[in-house]
Every structure is written in structure tokens, then in C-alpha cells.
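Spelled out from the first residue to the last, the chains are:
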Amino acid sequence: MNKLKRNLIVTAVIAAVLAAVLGTALLVSPDDSSGGMDVRPAAKAQAVRADSHRLSDPKKSELTVVEFLDFECEGCGAMYPVVEKLREEYGDRVTFVARYFPMPGHRNGELAARTAEAAARQGKFEEMYTKIFTTQKEWGESQDWKEDVFRGYAKDIGLNLGKFDAALADPGTAGRVQADQRDGLGLGARGTPTFVVDGELVPTPASYEDFKALIEERLSD
């Protein structure tokens, strides 16, 4: 293998790794404040609201980590086990919050968010959050509509399918997803995953060790 070909392969591998870690690239120009979405940034954006989905909720929280995520984003999928490991380690001190931020260009990203929200109406957001992320390779990056797949997941986690179908079709469910998007845009999110730590948007950590170091630094302040 000649040197040029070898360098090209190495470059391609590095690019693939960065894509997985950093998530969805910007799909719009930086001056597009809507992020290419059909919603506008919230005038008074908040990182966490009363109805935000908390993956951990310690009695005495010392720090809040919010992820604006797209279930179809490979970068979010790569960060999922990192967040889970951090939750296990810091769940009694840190509040972890998941918020929807489906990006344009992902065929089933918005549907996946509505699926999770429909599950939340039956008290099973976390179960669906886990199911969707752990099966991402089975349905993600497809141009086929995956509603039947997600309905199967609803059955798997024990949801009432009639209520699930109604919630999935309810305009209020889509509105709930859009409300998260508006807050994300207002806080400066333009791609996924985007993390906000105690109200401050931070660069996406490249590894578990980097994320842990960030949390330790904030907890020591």
C-alpha cells in the first residue's frame, strides 16, 4: 500500500470517529437562527422546565446536565452509554435531563421523539428512551418510515397500544417536541448532541473521561 493511499484511509477513519463523537453536523448556515427547523428559538429559553424529562432526580442536586438529543443521531447514540455510566456514578448528586432536538435530514428522528413522548404519557419515558437508543442500529439512518417498528417497541415495554397510538397522533405531542427544540435553539444548540451544564452550553466531551472531568470540575467549584 503506497503512502498516499494509507494516509487517505487514516483520514477517513479519523473523520468517521469524529462524526460518531460529535454527532450531527450543522445542517444550516450559522446565521440561520432556526437551525433549519420549522420552529423559532424561544424568546426566554430555559435549559430545564417543569415538564422536562429527568433521568435522575437526586433529593439534593449539586449540578444539572441537560442533553438536547436526536434519537437518530449516531453521535447521540455514541454518547448514550457515556451518559448512562455517568448517571450510575453521579445519579445521587447530579440531575441528568433529556430534551428533544430532532434534526432535519433524519427521516425518523422526530417520530422517535414523539414515540418517547407518547411513552412518557404512560409513565415510561425512560424505558422508551433506553429501547430506542439500544436499538438505534436497527432503525436509524433509514429512509423507510419506522412507525411500525416503534409501535412494536411500545408493545415490548408494556404500553397500552390504543393510548400510545392516540398520543403519537396528538398534535400536542409534536408540540411538546417543538417546545424542547425552541429552548435548544434559544440556548445556542445547532446540532446534536448538545449539552448544557448548569445553564451553560458546553462543547461536547469527546469521551467518558472528559465528561467526568468536566463534572468533577463543576462539582468542586
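A few points on the structure. Numbering of residues starts from 1 in every chain and runs along the sequence as written. Only residues with pLDDT of 70 or above have their local features reported here, since the model is predicted, and side-chain atom pairs are shown and tallied only from 80 upward, although totals for entire chains, interfaces and linings are computed over all residues. The side-chain values count all of the structure's non-hydrogen atoms but skip hydrogen atoms and water molecules.

### As for the pairing of strand β3 (residues 94-100)
At step 1: Most of β3 is tucked away, with seven of its seven residues classed as buried.
At step 2: Pairing geometry for strand β2 (residues 63-69) and β3, over seven bridges, is parallel. Paired with Phe68 across the strands is Arg99, a residue of β3.
At step 3: Handedness of a crossover is defined as follows: with both strands directed away from the viewer, a clockwise route from the first strand across the helix to the second makes it right-handed. Secondary structure elements follow DSSP: runs of H or I no shorter than four residues count as helices, runs of E no shorter than two count as strands, and numbering proceeds from the N terminus. Read as a crossover between parallel neighbours, the route from β2 over helix α2 (residues 74-90) to β3 is right-handed. Categorising residues by exposure relies on relative accessible area from a 1.4 Å probe, with only protein chains included: less than 20% of the type maximum marks a residue as buried, more than 50% marks it as exposed, and the intermediate range marks it as partly exposed. Strands were regarded as paired on the criterion that DSSP finds at least two bridges between them.

### Overview of helix α9 (residues 208-220)
At step 1: In a helix, the anticipated span is given by 1.5 Å times the number of residues less one. Counted at 1.5 Å a residue, the expected span for α9 with its 13 residues is 18 Å, and the 18 Å between its end C-alpha atoms agrees.
At step 2: Where α9 is concerned, the buried positions are Tyr208, Phe211, Leu214, Ile215 and Leu219. Mapping the buried residues of α9 onto a view down its axis gives an arc of 130 degrees, with all of them on the same face. Turned more than 90 degrees away from the buried face of α9, the exposed residues are Glu209, Glu217 and Ser220. Here the arc refers to the directions that run from the helix axis out to each C-beta atom.

### A look at the pattern of salt bridges
At step 1: Think of a salt bridge as a Lys or Arg side-chain nitrogen and an Asp or Glu carboxyl oxygen that are within 4 Å of each other. By the definition in use, this model includes 15 salt bridges.
At step 2: Here Arg87 and Glu84 are joined by a salt bridge, their closest N and O atoms 2.8 Å apart. A residue pair is termed a helical-turn pair when its members lie 3 or 4 positions apart in one helix, as Arg87 and Glu84 do in helix α2 at three residues.
At step 3: Assessed through its relative accessible area of 14%, Arg87 is described here as buried.
At step 4: Between Asp156 and Lys131 there is a salt bridge; the shortest N-O distance is 3.4 Å. Highlighted residues: Asp156 in helix α6 (residues 147-156) and Lys131 in helix α4 (residues 125-134), separated in sequence by 25 residues.
At step 5: Within this structure, Arg49, Asp51, Arg99, Glu117, Arg176, Asp180 and Asp183 form a network of salt bridges that share partners.

### Structural notes on unusual backbone geometry
At step 1: A cis geometry characterises the amide bond from Thr192 onward to Pro193, with omega recorded as -5 degrees.
At step 2: Secondary-structure assignment places Pro193 in the loop between α8 (171-187) and β4 (194-197).
At step 3: Here the phi dihedral of Glu141 falls at roughly 60 degrees; this positive angle occurs in a residue that is not glycine.
At step 4: Position of Glu141 among the secondary structure elements: in the loop between α5 (136-139) and α6.
At step 5: In the Ramachandran plot, Asp198 falls in the positive-phi region, its phi being about 45 degrees despite a non-glycine side chain.
At step 6: Position of Asp198 relative to the elements: it lies in the loop between β4 and β5 (200-202).
At step 7: Accessibility expressed as a relative area gives 46% for Asp198, which makes it partly exposed.

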